[in-house]
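# Structural features, examined
Listed below are the residues making up each chain.
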Amino acid sequence: MTYATVMVSLALDRSNDACLEIAGQLVKRFGAGAIGVTAGEFSPPLYFTAGEQAQEVLDQGRAALRNRTAEVEARFRAAMQNRATAVEWRCAEDFPTRFVVQQARAADIIVVGEGGRDVLADPFTQANPSDLLMQTGRPLLVVPDGVDWLDLRSVLVAWKDTPECRRAVTDALPILREAKDVIIAGIVEDEADRASVSSGIEDIVAWLLRHGVIACERVPAECGDATAQLDRIASEVGAGLVVAGAYGHSRFREWVFGGVTKTLVNPSSRCSLLSH
């Protein structure tokens, strides 16, 4: 298994520099082709009028959208030059999330920017990573703003025995084979689960070894909040990438109460590879 085609979802209302750099490093490392994807819908202002003036506003807005799309395409092609084995560009006047979901069938992995920690992403100009996770059927490599290196010296797998996590580890195999150190962290939220967590980690370490990945296990002595434990372990091992299953609980529960997925969709200093 490898990544033969890397898709990068690009926003129209923000810088894509971090996504483009990480995607460029990914395609070069795996000898992959690259597909750049973007879409946007013009959102008329709230004071929208009628008649000729309304049509003029629409025409200007759509022209600006086309100009911005052309700029993003140029940046994408420049970033993939001399890196990707093949380069393809796909764009549309459409809602970004819907368009990326449709195009995801052509990719092995999708690189996307963070979801935004302070404000919600504009659905007219940027695909929502959480929605992409739920709908694309592809792993997402979520890149925080400011990251310019796919650091695989230490990769942390946040292990929980769920279908989502099993899928994530399988999807991450190409990257895990490239990593210098792979740490499987078992998060114990209830002391009664410690034995089963340890047993599960032993199995996944043995499974990875059969796939050419040498991994070590780590189960913290304490138990409790999974997000806090994961963040602490990632800092201790200097993880440049965290691999995790996404939305083991319902999205509504994570939205209301917070959770590991919510944190990893909005990473601050390291990339996240997520699968659902």
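In the block above lies the structure referred to throughout.
Criteria and thresholds
- Residues numbered from 1 in each chain as written.
- Predicted model: local features only at pLDDT ≥ 70, side-chain atom pairs only at ≥ 80, totals over all residues.
- Heavy atoms only, no water.
- Phe/Tyr/Trp six-rings, centres within 6.5 Å; stacked < 30°, edge-to-face > 60°.
- Helix = DSSP H or I, 4+ residues; strand = E, 2+ residues; numbered from the N terminus.
- Buried < 20%, exposed > 50% of the residue type's maximum accessible area, 1.4 Å probe, protein only.
- Core = buried A, V, L, I, M, F, W, Y, C linked by side-chain atoms within 4.5 Å.
- Contact = heavy atoms within 4.5 Å.
- Pairing = 2+ DSSP bridges.
- Axes fitted to C-alpha atoms, helices over the stretch in contact; angles between N-to-C directions.
- Expected span 1.5 Å × (residues − 1).
- Arc of directions from axis to C-beta.

### A short note on the packing of aromatic side chains
Going through the model one piece at a time under the given rule, you end up with three aromatic pairs. The interplanar angle of 75 degrees and the centroid separation of 5.1 Å between the aromatic rings of Tyr-3 and Phe-30 together place this pair among those described as edge-to-face. Remark: Phe-30 occurs in helix H1 (residues 17-30) and Tyr-3 occurs in the segment before strand E1 (5-9); sequence separation between them is 27 residues. Phe-30 matches Tyr-3 in its accessibility class, with the two residues each being buried. Relative to Phe-124, the ring of Phe-95 has its centre 5.4 Å away and its plane inclined at 45 degrees; by these criteria the two rings are tilted. Of this pair, Phe-95 sits in the loop between strand E3 (87-92) and helix H3 (96-103) while Phe-124 sits in the loop between strand E4 (109-113) and helix H4 (129-135); the two residues are 29 residues apart in sequence, bridging distant segments of the chain. With a relative accessible area of 31%, Phe-95 lands in the partly exposed category. By relative accessible area, which is 26% here, Phe-124 ends up partly exposed.

### Section: the nonpolar core
If you look at the biggest cluster of nonpolar residues, it comprises 54 residues, and the most contacted ones within it are Leu-141 and Ile-184. Not counting residues within four places of it along the chain, the set of residues in contact with Leu-141 comprises Ile-22, Leu-26, Ile-109, Ile-110, Val-111, Val-112, Leu-150, Leu-241, Cys-271, Ser-272 and Leu-273. Within the second largest apolar cluster, 31 residues are counted, among which are Ala-158, Ile-187, Ala-246 and Val-265.

### Concerning the sheet that holds strand E5 (residues 140-143)
Here 10 strands make up an open sheet; going across it, the order is E3-E2-E1-E4-E5-E10-E9-E6-E7-E8 and the pairing mixed. Two strands bound the open sheet, and with one partner strand each, they are E3 and strand E8 (215-218). Each neighbouring strand pair of the sheet contributes to a mean axis angle of 20 degrees, computed without reference to strand direction. Where strand E2 (residues 33-39) lies against E3, six bridges are found, and the strand directions are parallel. Within E3, the residue paired with Ala-34 across the bridge is Val-87. In this fold helix H5 (residues 163-171) packs onto strand E6 (154-159), strand E9 (241-245) and strand E10 (271-275), with an angle of close to 140 degrees to the strand it touches most, E9.

### Quick notes on the pairing of E5
Burial along E5 is two-sided: Leu-140 and Val-142 and Leu-141 and Val-143, pointing in opposite directions, are all buried. Pairing of E4 with E5, which is carried by four bridges, proceeds in the parallel orientation. In the sheet register, Gly-113 faces E5, and the bridge partner there is Val-143. Judged from the three bridges that link them, E5 and E10 form a sheet pairing that is antiparallel.

### What to know about helix H8 (residues 226-237)
End to end, H8 covers 17 Å across 12 residues, agreeing with the expected 16 Å (1.5 Å per residue, within 8%). For H8, the complete set of buried residues consists of Ala-226, Gln-229, Leu-230, Ile-233 and Ala-234. Angularly, the buried residues of H8 cover 130 degrees about the axis, an arc narrow enough to put them on a single face. At the C-terminal side of H8, Gly-238 shows a positive phi close to 65 degrees.

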